[in-house]
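Residue-level listing of the chains:
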Amino acid sequence: MKEELLVQWLQLYTNTDTRGERTIQGNMLKAPTCSNDELHARYRFGQEDIALICNILRPHLERATLRSHALTVEEQVLMALRYYACGSFFEVIGDGLVVTKATVGHVVHSVSSTLTGLLGQYVKWPENEEEIARTKRMFFSLGGMPNTIGVIDCTHVHFQAPHIREWEYVNRKGRHSINVQLVGNADLVITNCVMRWPGSVHDARILRESHLYQKLQQTAPDGILLGDSGYPLLPWLMTPFATITNDSQQRYNNVHATTRGTIERLNKVIKRRFACLNYLRVEPQKACHIICACIVLHNLAQTRRVPLQEPLIDGPPPCAEVLDLPPPPL
């Protein structure tokens, strides 16, 4: 019954009325009417997927009463999804939803912390034989590399300069970031992640200090991981040849690069799906929670085959004709 009511509430976003908007009962938020495709573009999820996310987070986010105009679970989820999708300022998102900047910030961090607590349920290392065999077949079909169960790499998530120990987060390009280690499979699903290291830390050290490293060193996995030349060569981690001396090594490097390209695609997909990961305006701890939340939602989207939609652009682009600017001097 609750799921049916949830879907009915979300249908407010696809119905129309004479004013082009509907007021959600019980609070001051106004939801613009939009199609399911627009829902994908604005929130990265469709109607049924948003209903599922609300149902998952309801035990953690639902308020006991409606005192002080408490936000519903649906409103909190949509507000957070909108931030993850566009990465705009809290104040801009609040203006569109008729709430304050502080409310948006509180909701985003609350939803992010809740999703972080669910990380273990949605980011799982392949354990059973059937899943491992399927992963090996898919990687082999991609590039011809046998016995592969995952690809590993790090990606930098940039954010504003923190107030404490700022120098630790400056990466080799001079920007402040968190170096996030990801392990993915052929379906672009993340099977392991580490996001607690500042941008100045090298990829190899992040792996060496991780629980995954300790686990695979103690118990050899049924397969191998593929990493770039920045990682050490290990019995369960294959890297490319640094110096090629024969055709066999060249063929190995080609197959290795083709298969390892999966993790590069994964990094691009998750940052394109959740534009907030391109630049975060929060402190490191909250940034890690937002990254965790995006990883959980990404795995949920990949598992449910949610299409990656282009973001909606409100209004025409700021070109010279629209702004009525004079032509440049010759």
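If you're wondering where the values come from, they're calculated on a predicted model, not measured in any experiment. (Residues numbered from 1 in each chain as written. Predicted model: local features only at pLDDT ≥ 70, side-chain atom pairs only at ≥ 80, totals over all residues. Heavy atoms only, no water.)

### Details of the overall build of the protein chain
Threshold: Helix and strand definitions here come from DSSP, where helices need a minimum of 4 consecutive H or I residues and strands a minimum of 2 consecutive E residues; each element is numbered from the N-terminal end. Relative accessibility under 20% of the residue-type maximum defines a buried residue, over 50% an exposed one, and the middle range a partly exposed one, all with a 1.4 Å probe and only protein chains included. Contacts: residue pairs with any heavy atoms within 4.5 Å of one another.
Along its length, the protein chain carries 13 helices and 7 strands. In the protein chain, which comprises 330 residues, the proportion classed as buried is 48%. In the protein chain, the proportion of contacts linking residues at least 24 apart, taken out of those at least 6 apart, comes to 64%.

### So, the confidence of the model for the protein chain
Under the convention used in this document: Residue-level confidence of the predictor is summarised by pLDDT, bounded by 0 at the bottom and 100 at the top.
Looking at the protein chain as a whole, the pLDDT averages 85, with 83% of positions reaching at least 70. Here helix 13 (residues 320-323) stands out as the least confident element of the protein chain, with mean pLDDT 36; strand 4 (residues 177-184) is the most confident, with 97. Taken together, the stretch residues 1-8 has pLDDT below 50 and engages in 8 contacts with residues farther than four places along the chain or on a different chain. Counted against residues more than four places away or in other chains, residues 313-328, with its pLDDT under 50, gives 5 contacts.

### Observations regarding helix 10 (residues 211-218)
Heads up, the condition is: An arc is given here, and it is the one of the directions from the helix axis to the C-beta atoms.
Where helix 10 is concerned, the buried positions are L212, Y213 and L216. The buried residues of helix 10 occupy an angular sector of 100° when the element is viewed end-on, so they sit on one face. Across from the buried face of helix 10, at angles greater than 90 degrees, the exposed residues are H211 and Q218. Taken together, the buried residues of helix 10 touch strand 4, strand 5 (190-198), helix 9 (203-208) and strand 6 (224-226).

### As for the pattern of salt bridges
What counts, and what does not: Take a side-chain nitrogen of Lys or Arg and a carboxyl oxygen of Asp or Glu: if they are within 4 Å of each other, that pair is a salt bridge.
Throughout the structure, instances matching the rule amount to 9 salt bridges. The partner of E127 in a salt bridge is K215, with the nearest N and O atoms 2.9 Å apart. Of this pair, E127 sits in the loop between helix 7 (119-122) and helix 8 (129-143) while K215 sits in helix 10, placing them 88 residues apart in sequence. Of the residues examined, E127 reaches a relative accessible area of 53% and is grouped as exposed. In this structure K215 comes out as partly exposed when scored by relative accessible area, which is 37%.

### With respect to the environment of G87
By the element assignment, G87 lies in the loop between helix 4 (73-86) and helix 5 (90-97). On the basis of relative accessibility, which here comes to 9%, the residue G87 falls in the buried class. When the C-alpha atoms of G87 and N278 are compared, they prove to be 7.9 Å apart, with 191 residues separating the residues in sequence.

### Remarks on the sheet that holds strand 5
Threshold: Note on pairing: DSSP must find at least two bridges between two strands before they are called paired.
As summarised here, the arrangement of the 5 strands in space is 5-4-3-6-7, forming an open sheet in which the pairing is mixed. In the strand order of this sheet, the two ends are held by strand 5 and strand 7 (237-238), each with one partner. Taken together, the 3 bridges between strand 3 (residues 148-158) and strand 6 define a ladder with parallel strand orientation. Bridge pairing links G150 to L225 in strand 6.

### Digging into unusual backbone geometry
The backbone phi angle of L188 is positive, close to 65°, even though this residue is not glycine. Its place among the elements puts L188 in the loop between strand 4 and strand 5. A relative accessible area of 15% means that L188 is categorised as buried. Of note, the phi angle at R305 is positive, near 55°, even though the residue is not glycine. The residue R305 is located in the loop between helix 12 (284-303) and helix 13 in this model.

### Thoughts on the packing of helix 11 (residues 247-273) against helix 12
Cut-off, in case you're wondering: Between N-to-C directions, angles cover 0 to 180 degrees, with each direction set by a line fitted to C-alpha atoms, over the stretch in contact for helices. We call two directions roughly parallel when the angle between them is under 35 degrees, roughly antiparallel when it is over 145, roughly perpendicular when it lies between 65 and 115, and oblique otherwise.
Packing of helix 11 against helix 12 leaves a shortest axis separation of 10 Å and a crossing angle of 105°. The orientation of helix 11 with respect to helix 12, classified from their angle, is roughly perpendicular. Note on element contacts: helix 12 touches helix 11 through C294, I295, H298, A301 and Q302, opposite L266, V269, I270 and R273.

### Side note on the packing of aromatic side chains
Convention followed: For this analysis, a ring pair means two rings from Phe, Tyr or Trp (six-membered ring only for Trp) whose centres lie within 6.5 Å, classed as stacked if their planes differ by under 30 degrees, edge-to-face if by over 60, and tilted for the remaining angles.
As enumerated under the stated definition, the model contains 6 aromatic pairs in all. Consider the rings of Y84 and F274, whose centres lie 6.5 Å apart with planes at 85°: the pair is edge-to-face. Here F274 lies in the loop between helix 11 and helix 12 and Y84 lies in helix 4, a separation of 190 residues in the sequence. Summarising the burial analysis for this pair, Y84 and F274 share the class buried. Ring plane angle 65° and centroid distance 5.9 Å describe the contact between Y213 and W236, whose orientation is recorded as edge-to-face.

### Re the nonpolar core
What counts is decided by this rule: Only buried residues count toward a nonpolar core. Its members are Ala, Val, Leu, Ile, Met, Phe, Trp, Tyr and Cys residues joined through side-chain atoms within 4.5 Å.
Within the largest apolar cluster, 68 residues are counted, with the highest numbers of intra-cluster contacts made by Y84, L280 and I295. In terms of residue count, helix 12 provides more of this core than any other element does, 12 residues in total. Discounting residues that sit within four places of it in the chain, Y84 has contacts with V108, V111, S112, L115, R273, F274, A275, C276, I290, A293, C294 and L297. Counting residues in hydrophobic clusters, the runner-up holds 19 residues, among them W125, V183, L207 and L234.

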